[in-house]
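Reading the structure
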Amino acid sequence: MLVVGGGLVGLTAALLLRHHGLDVTLLEKRERTSAQPKARRLHMRSLEVFREIGLAATVREAARELADHDHMATGRTLAESAQLPLWQPPGGAGETVEVSPELPCLIAQDVLEPVLRDAALAAGADVRFGVEVVGIKQDEDGVFADLGEHGQLLASHAIAADGARSPIREALGITRSGRGAVGEPLVSVYFSADLDDVVRGREFNLCTIEHPDAPGVLVSIGGVRWVFMAGGPVDRDWPRVLRTALGIPAPDLEVHSVLPWQPEMLVADRFGDGRVFLAGDAAHVMPPFAASGANTGIADVHNLAWKLAAAIGGQSGPGLLASYDAERRPAGWFAAEQSTMRADDPGGTGPGHAHPYVLAAGGFQYREGALVGDGVVEPVDDFVPTGRAGTRIPHLWLDDGRSRSTLDESGPGWALAVAGDPDGWTRPELLAYRLVADFLPAGQALLVRPDDIVAWRGDPGDALKVMRRLMSLEQM
Ligand SMILES: Cc1cc2nc3c(=O)[nH]c(=O)nc-3n(C[C@H](O)[C@H](O)[C@H](O)COP(=O)(O)OP(=O)(O)OC[C@H]3O[C@@H](n4cnc5c(N)ncnc54)[C@H](O)[C@@H]3O)c2cc1C
């Protein structure tokens, strides 16, 4: 397997492919992981993916600098700012449903990527930085990557996690649709300054600065590192603007980079071509205001890795790999549209806005793909998981010690959740476990895919047959 791109989606892909026992080579043209902090919020669902591969605790440890930064804050300047009350989920979801075995966390992309790269190396992936893929071809035998002065590489399949501009997507002639630019261009100014004395006791995730000469949003990155996000021209006296926004002299302030960028909403019209699959920003870009870009990319490769393992291992028909597009393209559209709504109407809760947990806890429902649905579409404006086909299995603790979740039973294999006594469900292909819950009537079973998605719901006696049918899908 070849992964092109060593951003956080490519690195997660390498980890998941190793988890499924595949040989993987990852090629990244940069010499180092990202120098920009960019994404910071990892949703619960992404932590669940890292939990599956035994990495959630390591990620959380790396995220400890931002562990107390849950609050939003606002003020004329940072020095005059105050924390806002902590966000509460709308409706009853937070109180009545345990959403996930994992909490979300804030971790800057430039802190996360080295953690993922080290884990991928430790897992046995061949991770090569400083190697650019300059061309790609494919035929019925595999994918041939031209690495310029580094020679060639032959792989059975490739994942293009090569970012928003995705040279591979362009080379394959895959077009994109969507709104394009959303709102005005922004500037992210990455700087360091020791702000301990002014921040202590009012730690924040984002602090909105209302000063008329320096309006913008101050973003906590960890320690002495900060980003100031503002509209307007790129070419300004940034140290002066930043000191105005901070409201203190900050004598040690140092600007590291000034990055102009345009929030965009674009989704690829195909998520694959033959043996090559698009993932992450190569497949979809969206404004960052729902913190969904990286999280959606992680969900892409979680969906794809087990399907590639089944295809390469000769256990599946061609339809299983085709289900990647059928499932993840609508999911990409959903995340991109929701992110755009939040760009147009920050904090809005109007019609069409998904419940935050639907975005954060994998509540998006696949309507078609490697599943047998019952035609019932789950609402998105509430989060009431019922274990319907196409949704992630609801989380429940399976032990009194609250250490084993329903989500822990699937991945890398399939699982069967049986309401009542699972005696007799010890076949090697399916791992059975006891599950008695409101969402699963006695005598019924949930067939759960390796990516925690409920594939089917019905009589336990039919589960193995359904699983084999889905694995051997001829076409989508
Ligand atoms: C200001 C900002 C804030 C954000 N906040 C969040 C957030 O809170 N939560 C969230 O989920 N998302 C957020 N995002 C989005 C997030 O940063 C992106 O979705 C994420 O970086 C995408 O990861 P990726 O691996 O798909 O692409 P990238 O990170 O762009 O990685 C692609 C990699 O491919 C490499 N590459 C390209 N071409 C080749 C080639 N030919 N050969 C070899 N290598 C190649 C590139 O060098 C690059 O390293 C934010 C984005 C911005 C700009």
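In this text the structure is predicted, and so the values were computed from the model without any measurement. (Residues numbered from 1 in each chain as written. Predicted model: local features only at pLDDT ≥ 70, side-chain atom pairs only at ≥ 80, totals over all residues. Heavy atoms only, no water.)

Not every one of the 30 residues close to the ligand is listed here, only the nearest: Glu 28, Gln 109, Val 133, Asp 281 and Ala 294. The contact in question runs from an oxygen atom of the ligand to an N or O atom on the side chain of Gln 109, over 2.8 Å. Within the complex, 89% of the 1,000 Å² of free accessible area of the ligand lies under protein. Of all the elements in the fold, those that place two or more residues in the shell around the ligand are α1 (8-19), β2 (25-28) and α9 (293-312). (Near = heavy atom within 4 Å. Polar contact = N/O pair within 3.5 Å; in protein donor to acceptor, adjacent residues only side chain to side chain. Areas by Shrake-Rupley, 256 points an atom, 1.4 Å probe, with all protein chains shown as cover. Helix = DSSP H or I, 4+ residues; strand = E, 2+ residues; numbered from the N terminus.)

Spatially, β5-β4-β14-β15-β16-β13-β17 is the arrangement adopted by the 7 strands of the open sheet, whose pairing is mixed. Edge strands, defined here as strands with exactly one partner in the open sheet, are β5 (82-83) and β17 (254-261). Where strand β13 (residues 186-192) lies against strand β16 (residues 225-230), 6 bridges are found, and the strand directions are antiparallel. Of the residues in β16, the one forming a bridge with Val 189 is Phe 228. (Pairing = 2+ DSSP bridges.)

This brings us to empty space enclosed by the protein. According to the stated counting rule, one finds 2 cavities of 30 Å³ or more in the structure shown. Empty space within the largest cavity amounts to approximately 320 Å³. The wall of the largest cavity is formed by 22 residues, among which Arg 45, Ala 299, Arg 328, Gly 362 and Phe 364 lie closest to the centre. Elements with a contribution of two residues or more to the lining of the largest cavity: α2 (44-52), α9, α10 (318-344) and α11 (356-360). The element that contributes the greatest number of residues to the lining of the largest cavity is α9, accounting for 5 residues. For the lining of the largest cavity, the residue count by class is 9 nonpolar, 9 polar and 4 charged. By volume, the second largest cavity is sized at about 30 Å³. (1 Å grid on protein atoms, 1.4 Å probe; cavity = no way out; pocket = protein on both sides within 12 Å on 5 of 7 lines; lining within 4 Å. Points joined across faces, edges and corners; volume = space filled by probe spheres on them. Nonpolar A, V, L, I, M, F, W, Y, C, P; charged D, E, K, R; others polar.)

Looking now at the pairing of strand β7 (residues 126-129). Where burial is concerned, the two faces of β7 differ: the one with Val 127 and Phe 129 is buried and the one with Asp 126 and Arg 128 is not. Inspection of the sheet shows β2 paired to β7 by 4 bridges, in the parallel sense. Note on β7: the bridge partner recorded for Leu 26 is Val 127. (Buried < 20%, exposed > 50% of the residue type's maximum accessible area, 1.4 Å probe, protein only.)

Moving on, we get to α1. Residues that lie three or four places apart on an α-helix share one face, since the helix turns once every 3.6 residues. With 12 residues, α1 extends 16 Å between its outermost C-alpha atoms, agreeing within 8% with the 16 Å of an ideal straight helix rising 1.5 Å per residue. The buried fraction of α1 is high, at 10 of 12 residues. Those residues of α1 lying buried are Leu 8, Val 9, Gly 10, Leu 11, Thr 12, Ala 13, Ala 14, Leu 15, Leu 16 and Leu 17. Lining the buried residues of α1 we find β1 (2-4), β2, α2, α5 (109-122), β11 (158-160) and α9. (Expected span 1.5 Å × (residues − 1). Contact = heavy atoms within 4.5 Å.)

Next up on the list: the environment of Asp 408. Tracing the sequence through the fold places Asp 408 in the loop between α11 and β22 (414-418). In this structure, the C-alpha to C-alpha distance between Asp 408 and Ala 311, residues 97 residues apart in sequence, is 23 Å. Beyond its immediate chain neighbours, meaning those up to four positions away, Asp 408 contacts Arg 51 and Ser 403. Looking at Asp 408, its side chain comes within polar contact range of the side chain of Arg 51, at 2.8 Å.

All chains considered together, the criterion is met by 7 aromatic pairs. Pairing Phe 334 with Phe 364 gives two aromatic rings, centres 5.0 Å apart and planes at 35°, and the pair type is tilted. Of this pair, Phe 334 sits in helix α10 while Phe 364 sits in the loop between α11 and β22, placing them 30 residues apart in sequence. With centroids separated by 6.0 Å and ring planes inclined at 70°, the aromatic side chains of Phe 364 and Tyr 366 adopt a geometry described as edge-to-face. An aromatic cluster is present here, built from Phe 271, Phe 277 and Tyr 324 joined pairwise through their rings. (Phe/Tyr/Trp six-rings, centres within 6.5 Å; stacked < 30°, edge-to-face > 60°.)

With that settled, consider the nonpolar core. In this structure, Leu 2, Leu 17, Leu 42, Val 59, Ile 159 and Leu 308 are the most contacted members of the largest nonpolar core, which totals 71 residues. The element contributing the most residues to this core is α1, with 8 residues. Leaving out residues up to four positions away in the same chain, Ile 159 has contacts with Met 1, Leu 2, Val 3, Val 4, Ala 13, Leu 17, Phe 277, Ala 279, Leu 304 and Leu 308. Grouped together as the second largest cluster of nonpolar side chains are 24 residues, Val 189, Leu 195, Trp 226 and Leu 253 included. (Core = buried A, V, L, I, M, F, W, Y, C linked by side-chain atoms within 4.5 Å.)

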